[in-house]
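Residue strings, one per chain:
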Amino acid sequence: MADVAPSVTRRGLLAAVGVGTSALAGCSERLWSQAETTGSDQVSLRIKAVPADDDYFAATIASQLRENYASAGIDATHEPVAKAELYRDILLEGDYDVFVARHPGLDEYDALYELLHSRFVSEPGWQNPFHVSDVTSDDYLEIQREADESERQDVLVDLIEHLLRTTPYTTVTFPYVVSGVAESFSLPTPPRRPHEYLELLSYSENESRDGPIEVGVFGEHLTERLNPITVDRNRISGLLGLVYDPLVRQIGDEYVPWLAEDVEWTTEGRVQARVTLREGVEWHDGESLDAEDVAFTLDFIGDTSMGEVDGGVPAPRYRGRQTLLGGTDVIDSRTIELSFPAASQMAARRLLTIPVLPAHIWADRSEVIADRQTRAITTNNEDPVGSGLFAFSEVTTDVEVELEPFDGHVLRETTDRPAVLENFSQFEGLTFRIAPNPGAMGDALIDGDTDVTASELPPGTARDIRTAATASTVTGTTDSFYMIGYNSRQDELGNPNFRQLCSRLIDREHAVREFFEGFAQTATTPAALVGISESMAFDSDLEDRFESDPLSFPGTDGELNTSRVQSLFEDIGYRYEDDLLLE
């Protein structure tokens, strides 16, 4: 009788991948733990975050982290860095040891792919800014892209379990979104994302009036670069999403056709999507938007040099989603077929949320002007031309930005509108009034110069607004989170055991209570600790596989138990001399 190879089940394959690669990772970690410590220098770490005037919470977390590192014997410095410079240091140049920043949030589980996969280790943006290369993580990230819903949950459990051991980054908290609102004005939810501005403009409890909604924001250089594919500049949250439309807009857990009239999925064999554009879609300059623009955008995100540079020059934003794509086939001016050779429909639909760029403008920006830099990546895009419901009217540097209604948008005339536009619009456009700091932004609201605030309110400004007779605050939830990120290229931070211990040196509950004054959700569950918010919660046995807080703080009420911490570092092969942690 001939030998017959045993069948391999999908679940068995997952188990084999998990066991094999995890075993290798475990060996690596044990080698780190058992390595002889021959140096005598004190362990030193730089912690970068924006100044308190730019983000009170990030700066306060970073300050507390520095104190706790110092108590643990680490020579820690806290370097306040302007936001634009911080973005460059973290997302473009990798010039940091540890950073504290607010991540925009994971829109779908597959967002972990771009955040962590080693294929992005040398690419800019939020694509693997930790420079981590981990075979086990890569395997799990690739499998979850293709898996069906039930198998995907199992893979995600294994992935999170692995990430909590290796800890390339950690989440501190999910802040609540707090906005100020004028007494005469109603606000359905604090506006940050494009659809929340559309809800605000459509809110029936606000009586229609002449003129735009006046939105208060604060910060420096917010209008300096209006480029939707860059990451190294300050920007007004949600602004460019009102100007550049996607095929499909994600609103909560729904994917709502936007520029697309219809998306027809084929899931037998290779996953494919046949996208039909709405009839009569135009750019703000009057040019027609067609399927060639869609194909151009998806190719351009993958290589802004359009083939001029070996290996390409990918865009810093949306690159992770673009890697879902296998190929495009333009059928006619309104129809394009997209193929996804290594993704399920659940993961693939993220691609459709990339904002579409006008080929007749951006194709001329493919010129290579420096090492792995193209004009598309460096341009300020001073006169943005999109296809959104709003077009740029006027930009007064660091004073205000005016968006005017784009009357040619197909969704302004059609009766087949997405639900979010049911009562759109009660106002004539949007004006963002830019203040130099949160206090000035709050004063403008209290004085009646703005209707609502859209930048984050630090506690002091929020209190001023709540006690004013002319204004109040409104609170909502968000998927964004404050994270601590580690540069795995830094000597000590290349050790996963060291990173894991460093992740325990912040008391998350104390931070929420004292820094956020309760206006945040503590990250303590396994899913939350890797940035998965409650709105993305999934059914699994995840919580039962861990202790209640796998990165528990070794101390009480924000105060470290230094003897306990020293013991923990000694357990992984470090030593102390005069309470200093030595390499």
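Above this text you will find the structure in question.
In this report, we go over the structure that sits alongside the text. All values reported here derive from a predicted model rather than from experimental measurement.

### Quick word on the packing of aromatic side chains
So, point 1. Scanning the model with the defined rule gives 19 aromatic pairs in all.
So, point 2. Here Phe296 and Phe300 contribute two aromatic rings whose centre-to-centre distance is 4.8 Å and whose plane-to-plane angle is 25°, an arrangement assigned as stacked. Remark: Phe300 and Phe296 occur in helix 9 (residues 291-302); sequence separation between them is four residues, near one turn of the helix. This pair shows no difference in class: Phe296 is buried, exactly as Phe300 is.
So, point 3. Look at Phe300 and Trp362: their rings are 6.4 Å apart centre to centre, the planes differ by 70°, and that puts the pair in the edge-to-face class. Of this pair, Phe300 sits in helix 9 while Trp362 sits in helix 12 (residues 359-362), and the two are 62 residues apart along the sequence.
So, point 4. Residue Phe300 is classed as buried on the basis of its relative accessible area of 1%.
So, point 5. Residue classification places Trp362 among the buried residues on the basis of a relative accessible area of 0%.
So, point 6. Cluster of aromatic residues (ring-pair linked, three or more members): Tyr96, Phe99, Trp126, Phe130 and Tyr169.
So, point 7. Stacked on the ring of Phe390, the Lys or Arg Arg412 has its end atom at 5.3 Å from the ring centre.

### Quick notes on the sheet that holds strand 9 (residues 260-266)
So, point 1. Taken in spatial order, the four strands of this open sheet run 9-10-12-11, and their pairing is antiparallel. Edge strands, defined here as strands with exactly one partner in the open sheet, are strand 9 and strand 11 (327-332). If you compare each strand with its neighbour and ignore which way they point, the axes differ by 20° on average.
So, point 2. Across six bridges, strand 10 (residues 271-277) lies against strand 12 (residues 335-340) in antiparallel orientation. Bridged to Val275 within strand 12 is Ile336.
So, point 3. Contacts between helix 9 and the sheet are confined to strand 10, strand 11 and strand 12, with strand 11 contributing the most and set at about 170° to the helix.

### Section: the side chain of Arg145
So, point 1. Among the structural elements, Arg145 can be located in helix 5 (residues 135-146).
So, point 2. Arg145 sits in the buried class, given a relative accessible area of 4%.
So, point 3. If we skip the residues at most four places from it in the chain, Arg145 touches Asp110, Tyr113, Gly320, Thr323, Leu324, Ala342, Ala343, Ser344 and Ala347.

### Describing the pairing of strand 6 (residues 213-218)
So, point 1. With six of six residues buried, strand 6 lies mostly within the body of the structure.
So, point 2. Inspection of the sheet shows strand 6 paired to strand 17 (residues 430-435) by six bridges, in the parallel sense. Note on strand 17: the bridge partner recorded for Val217 is Ile434.

### A look at the sheet that holds strand 20 (residues 481-486)
So, point 1. Within the open sheet, the six strands sit side by side as 2-1-3-20-4-21. Their pairing is mixed. Either end of the sheet is taken by a strand with one partner, and the two such strands are strand 2 (75-80) and strand 21 (520-522). For this sheet, the mean angle separating the axes of adjacent strands, direction not counted, is 25°.
So, point 2. The pairing of strand 3 (residues 98-103) with strand 20 spans six bridges and is antiparallel. Across the sheet, the residue bridging to Ala101 is Met483, located in strand 20.
So, point 3. Packing of helix 2 (residues 56-71) onto the sheet brings it into contact with strand 1 (44-49), strand 2, strand 3, strand 4 (169-175) and strand 20, and relative to strand 2 it is tilted by some 165°.

### Things to note about the pattern of salt bridges
So, point 1. Under the defined criterion, the tally for this structure stands at 23 salt bridges.
So, point 2. A salt bridge links Arg513 to Glu514, with the nearest nitrogen and oxygen atoms 3.7 Å apart.
So, point 3. For Glu514, a relative accessible area of 43% translates into the label partly exposed.
So, point 4. Ionic contacts of the salt-bridge type, sharing partners, join the residues Arg46, Lys48, Asp89, Asp95 and Asp97 into one network.

Procedures and definitions
Residues numbered from 1 in each chain as written. Predicted model: local features only at pLDDT ≥ 70, side-chain atom pairs only at ≥ 80, totals over all residues. Heavy atoms only, no water. Phe/Tyr/Trp six-rings, centres within 6.5 Å; stacked < 30°, edge-to-face > 60°. Helix = DSSP H or I, 4+ residues; strand = E, 2+ residues; numbered from the N terminus. Buried < 20%, exposed > 50% of the residue type's maximum accessible area, 1.4 Å probe, protein only. Lys NZ or Arg CZ within 6 Å of the ring centre and 35° of its normal. Pairing = 2+ DSSP bridges. Axes fitted to C-alpha atoms, helices over the stretch in contact; angles between N-to-C directions. Contact = heavy atoms within 4.5 Å. Salt bridge = Lys/Arg side-chain N within 4 Å of Asp/Glu carboxyl O.

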